[in-house]
Amino acid sequence: MIIITRPDATEEQIQHIVSRIADWGLRAEVSRGEMRVVIGVIGAEDKIRQKPLGAFPGVESVMPVLKPYKLVSYEFRGTASRVKVGDVVVGSKEVVIMAGPCSVESEDQILSIAQSIRDSGAKILRGGAFKPRTSPYSFQGLGKVGLQLLAEARRESGLPIITEVMDTKDLELVAEYADCLQIGARNMQNFSLLREVGRTQLPVMLKRGMAASIKDLLMSAEYILSEGNFNVLLCERGIRTFETMTRNTLDLNAVPVLKAETHLPVVVDPTHGIGIRDFVPAMALAAVAAGADSIMIEVHNAPEFAKSDGEQSLLPKDFADLVRRVRCVAEAVGRAV
Ligand code: PEP
Ligand code: MN
């Protein structure tokens, strides 16, 4: 941690800071410039972070030297991590396409969608059995029956499945079925849930909260890794901005920033990011161009009857067309599908 003092800080104030640092068992490294004095605080960064350094008279600003996240930081591994979902590797040269309906609704629906997306080139099947809905009166998902239908779709299609866990009380049940647990945007800072999934070894896809910064997302991921589970995917799914023409604003800035900051693979969900079916393909292609390791696309065989997110779901034939175009973009940026 570095303390920058005000230009008018007195020698007495500086000595006061230095002696308090020593009282805490930390070391102060004082550097005297022409205009101001800079004090480096040396010791365990975690311990220093808890001290109210900014509260001392004469202090202008306090800057951390190390990042607040450790285990997720790129430097921790020094190389990009790969996460296996079933037999599918996310984080290699291949851009992995996840697809499926927002919610699992019926046997016919999930089996039909699973087969069509697999035939088009998707590698992981998505589908919600526990749905986080803005209104308590909206469809909440089929729960256990939804998980059983997903398992049947996995058997039939051979695709591993990703599904959301909303609550610690459901984790044991969801973990029995899922190949990858999804933590939704609304739960990104549900710290008890993060810790619990961190105690499993199942892959976890953590979605960025709609009002969360990139740093917040990384700090939430740190909770999962700190419990011992390093099988984490980070998902950009759009944030809330002042823009009202789209459901969210897909923050593709997050892709190169995350790739530089962390070793964890990055998934982009353009479907929730823009929320309008016609515009999803453009943002999916942009995500791959920006360096996403995986994209997640909502697909429905009868969107007009969908129980959730029909307006943003692609029809299977449009999904097939999108995969062809994703392949071209992936190849143009040195990846494959
Ligand atoms: C979803 O994937 O269907 C979903 C609810 O996503 P999010 O948590 O990003 O809103
Ligand atoms: Mn959805």
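Above this text sits the structure in question.
Residues numbered from 1 in each chain as written. Chains lettered and ligands numbered in written order. Predicted model: local features only at pLDDT ≥ 70, side-chain atom pairs only at ≥ 80, totals over all residues. Heavy atoms only, no water.

Peer 1: A description of the overall build of the protein chain should follow, citing residues and the corresponding values.
Peer 2: Along the backbone of the protein chain there are 12 helices and 14 strands. Projected onto the principal axes, the alpha-carbon positions of the protein chain cover approximately 75 × 45 × 35 Å. Relative to its full complement of 337 residues, the protein chain shows a buried share of 53%. In the protein chain, of all internal contacts separated by at least 6 residues, the share reaching a separation of at least 24 is 67%. For the protein chain, the accessible area works out to roughly 14,900 Å², and carbon and sulfur atoms hold 52% of it. The positive charge centre, built from 40 side chains, and the negative charge centre, built from 42, are 2 Å apart in the protein chain. (Helix = DSSP H or I, 4+ residues; strand = E, 2+ residues; numbered from the N terminus. Buried < 20%, exposed > 50% of the residue type's maximum accessible area, 1.4 Å probe, protein only. Contact = heavy atoms within 4.5 Å. Areas by Shrake-Rupley, 256 points an atom, 1.4 Å probe, with all protein chains shown as cover. Lys, Arg positive; Asp, Glu negative; His and termini not counted. Charge placed at Lys NZ, Arg CZ, Asp CG, Glu CD.)

Peer 1: Report on the nonpolar core, specifying residues and quantitative values.
Peer 2: The biggest cluster of nonpolar side chains holds 70 residues, and the ones touching the most others in it are I295 and F319. Ranked by residues supplied to this core, first place goes to helix α8 (residues 214–226) with 6 residues. If we ignore the near neighbours within four places in the chain, the residues touching I295 are V96, I97, M98, V267, V268, A284, A287, V288 and V326. The next biggest cluster of nonpolar side chains, apart from the first, holds 16 residues, and it includes I17, V18, I21 and W24. (Core = buried A, V, L, I, M, F, W, Y, C linked by side-chain atoms within 4.5 Å.)

Peer 1: Just give me the short version of the environment of A221, but keep the residues and values in it.
Peer 2: Within the secondary structure layout, A221 lies in helix α8. Separated by 23 residues in sequence, A221 and T244 have C-alpha atoms that sit 29 Å apart. Among residues more than four places away in sequence, those in contact with A221 are V72, L206, V232, L234 and L264.

Peer 1: Please give an account of the packing of aromatic side chains that cites residues and values.
Peer 2: Under the definition given, this model contains 3 aromatic pairs. For the ring pair W24 and F56, a centre distance of 6.0 Å and an interplane angle of 75° mean the geometry is edge-to-face. Within this pair, whereas W24 is found in the loop between α1 (11–23) and β2 (27–32), its partner F56 is found in the loop between α2 (45–49) and β4 (59–63), the two being separated by 32 residues in sequence. Residue W24 is classed as buried on the basis of its relative accessible area, which comes to 16%. (Phe/Tyr/Trp six-rings, centres within 6.5 Å; stacked < 30°, edge-to-face > 60°.)

Peer 1: Please give an account of the site of ligand 1 that cites residues and values.
Peer 2: Looking at ligand 1, the residues that line it are C102, R126, K131, P132, Q182, G184, A185, R186, K207, R237, H272 and E298. With respect to ligand 1, the side chain of K131 contributes an N or O atom lying 3.0 Å from an oxygen atom. E298 places a polar side-chain atom, nitrogen or oxygen, 3.3 Å from an oxygen atom of ligand 1. Contact with the protein chains removes 97% of the 300 Å² of surface that ligand 1 exposes when unbound. Of the residues contributing to the shell around ligand 1, the split by class is 3 nonpolar, 3 polar and 6 charged. (Near = heavy atom within 4 Å. Polar contact = N/O pair within 3.5 Å; in protein donor to acceptor, adjacent residues only side chain to side chain. Nonpolar A, V, L, I, M, F, W, Y, C, P; charged D, E, K, R; others polar.)

Peer 1: Hey, could you go over the coordination of the manganese ion (ligand 2) for me, with residue numbers and the actual values?
Peer 2: Protein-derived coordination of the manganese ion (ligand 2) comes from C102 (SG), H272 (NE2), E298 (OE) and D309 (OD), at a distance range of 2.0 to 2.4 Å. We note that the donor set of the manganese ion (ligand 2) lies within a single chain, spaced as C-x169-H-x25-E-x10-D. Of this pair, C102 sits in the loop between β7 (96–100) and α4 (107–120) while H272 sits in helix α10 (residues 270–274), placing them 170 residues apart in sequence. (Donors = N, O, S within 2.8 Å, 3.2 Å for Na, K, Ca; no water.)

Peer 1: Run through the sheet that holds β4, naming residues and quoting values.
Peer 2: Within a sheet, adjacent strands bond to each other through the backbone by hydrogen bonds, running parallel or antiparallel. With antiparallel pairing, 4 strands are arranged side by side in an open sheet as β2-β3-β1-β4. Both edges of this open sheet fall to β2 and β4, since each of them pairs with a single strand only. If you compare each strand with its neighbour and ignore which way they point, the axes differ by 20° on average. Contacting β1 (2–5), β2, β3 (37–42) and β4, α1 runs over the sheet at an angle of about 155° to β2. (Pairing = 2+ DSSP bridges. Axes fitted to C-alpha atoms, helices over the stretch in contact; angles between N-to-C directions.)

Peer 1: Please provide a residue-by-residue account of the pairing of strand β14 (residues 294–298), values included.
Peer 2: Most of β14 is tucked away: 5 of the 5 residues are buried. Of the two faces of β14, the one holding S294, M296 and E298 and the one holding I295 and I297 are both buried throughout. Pairing between β7 and β14: 5 bridges, direction parallel. Its bridge partner being in β14, G100 is matched across the sheet by E298. As paired elements, strand β13 (residues 266–268) and β14 share 2 bridges and run parallel to each other. For V268, the partnering residue across the bridge sits in β14 and is I295.

Peer 1: Any chance you could break down helix α5 (residues 144–157) for me, citing the residues and the numbers?
Peer 2: Relative to the 20 Å expected for 14 residues at 1.5 Å per residue, α5 spans 20 Å between its end C-alpha atoms, a close match to the ideal helical length. Within α5, burial applies to G146, L147, L149, L150, A151, E152, A153 and S157. The secondary structure elements touched by the buried residues of α5 are α4, β8 (124–126), β9 (161–164) and α6 (171–177). Positive phi shows up at G158, right after α5, with a value of about 80°. (Expected span 1.5 Å × (residues − 1).)

Shape is all these values report; function is a separate question.
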